[in-house]
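Each chain, written out:
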Amino acid sequence: MELKIYKDKAEVAKYFAIYLKELIRTNDKLTIALSGGSTPKVIFDYIAENFNDLDWSKVFLYWGDERCVPPTHEQSNYLMTVEHLISKIDMPKENIFRVLGEECPNEEAKRYAMVLNETLEIEHDIPQFDLVILGMGDDGHTASIFPHEINLWDAAESCVVATHPESAQKRVSITGKIINNAKQVAFLVTGASKAEKVDEIINTAEVSKNYPAALVKPTSGNLYWFLDEDAAKKIK
Ligand code: 6PG
């Protein structure tokens, strides 16, 4: 595990964008599971504004989780990515594999698992992303695996239907076996509201066993935490 701590969200965005640029430059093909949340937004804006020489035809976009809403809905992670990145870059449509949030959640979780199976490399009998980008919620959730449904992490399926604890909104989420099989996993965590959980997870405090984010342990060993100083301030 590697901790990368930067001054603020803008710096996290800048240095994550540079890390991503290098991955794109050094790979013939790069499959990425994106996350929702506020930090990726800033990163996408930074990339779209500052890097105009990236070969996007080598990059294949997927989503680690999606809200079960149509792609035009303000809560759609896909729509957020279109607005902040896809609409501003030259990426072939065939490289974009979105979760169909408008479909029946159970059917879509099954379909998306098949998409992963058919389009990703298979390693250890499991579809393998080159990079999984994750956020962490204030409650310790990651992707859309929430503490009250932490058992979904260990599901046999690659994708499951999760339920947001407050809004009861359905989400389609990839599971632990996919996340921990990725070649690289990058957590993007910013803000003081995350500081306590960041410390508990990094120092494997007993209580962290209740947080899905603490279960992120890619077998590749390539786990990076991109943090701002606010999120890192309680690390002992
Ligand atoms: C989602 C997410 C979710 C998110 C975290 C962190 O779609 O809601 O993918 O897991 O990444 O809640 O969000 P922030 O970047 O806003 O802290």
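All values reported here derive from a predicted model rather than from experimental measurement.

(A) Spatial organisation of helix α1 (residues 9-26). When the terminal C-alpha atoms of α1 are compared, their 26 Å separation across 18 residues agrees well with the 26 Å that a helix rising 1.5 Å per residue should span. Listed in full, the buried residues belonging to α1 are Val-12, Ala-13, Phe-16, Ala-17, Tyr-19, Leu-20, Leu-23 and Ile-24. Angularly, the buried residues of α1 cover 165° about the axis, an arc narrow enough to put them on a single face.

(B) Structural detail: the UniProt feature "domain: Glucosamine/galactosamine-6-phosphate isomerase" (unreviewed entry) in the protein chain. Here, UniProt's "domain: Glucosamine/galactosamine-6-phosphate isomerase" (unreviewed entry) annotation points to residues 10-225. Helix makes up 30% of residues 10-225 and strand 19%, and the two end C-alpha atoms of the span are 15 Å apart.

(C) Representation of the packing of α1 against helix α2 (residues 38-50). Relative orientation of the contacting elements α1 and α2 amounts to 60°, with a least axis distance of 8 Å. It follows from the interaxial angle that α1 and α2 lie oblique. For the crossing formed where α1 meets α2, the hand is right-handed. Where α1 abuts α2, its residues Lys-9, Val-12, Ala-13, Lys-14, Phe-16, Ala-17 and Leu-20 lie against Ser-38, Thr-39, Val-42, Ile-43, Tyr-46 and Ile-47. Among the residues making up the contact of α1 with α2, the classes are represented as nine nonpolar, two polar and two charged.

(D) The arrangement of unusual backbone geometry in detail. Notably, Ala-143 is not glycine yet its phi reads approximately 45°, a positive angle. Mapping Ala-143 onto the fold places it in the loop between β7 (131-134) and β8 (159-163). You will see that Ala-168, though not glycine, has its phi angle at about 65°, which is positive. Mapping Ala-168 onto the fold places it in the loop between β8 and β9 (170-174). Under the relative-accessibility criterion, Ala-168 is labelled partly exposed at 48%.

(E) A look at the sheet that holds strand β3 (residues 59-63). Within the open sheet, the six strands sit side by side as β1-β11-β10-β7-β2-β3. Their pairing is parallel. On the outer flanks of this sheet lie β1 (2-6) and β3, each paired with one strand and no other. With strand direction ignored, the average angle separating the axes of adjacent strands in the sheet is 20°. As defined by bridge partners, strand β10 (residues 184-189) adjoins strand β11 (residues 223-228) across five bridges and the pair is classed as parallel. Note on β11: the bridge partner recorded for Val-185 is Leu-223. In the packing of helix α6 (residues 195-202) onto the sheet, the strands contacted are β1, β10 and β11, and the crossing angle to β11 comes to about 150°.

Reading the values: the criteria
- Residues numbered from 1 in each chain as written.
- Predicted model: local features only at pLDDT ≥ 70, side-chain atom pairs only at ≥ 80, totals over all residues.
- Heavy atoms only, no water.
- Helix = DSSP H or I, 4+ residues; strand = E, 2+ residues; numbered from the N terminus.
- Expected span 1.5 Å × (residues − 1).
- Buried < 20%, exposed > 50% of the residue type's maximum accessible area, 1.4 Å probe, protein only.
- Arc of directions from axis to C-beta.
- UniProt positions renumbered as here; feature names shortened; annotations may be inferred.
- Axes fitted to C-alpha atoms, helices over the stretch in contact; angles between N-to-C directions.
- Parallel < 35°, antiparallel > 145°, perpendicular 65-115°, else oblique.
- Left-handed = near helix turned anticlockwise from the far one by under 90°.
- Contact = heavy atoms within 4.5 Å.
- Nonpolar A, V, L, I, M, F, W, Y, C, P; charged D, E, K, R; others polar.
- Pairing = 2+ DSSP bridges.

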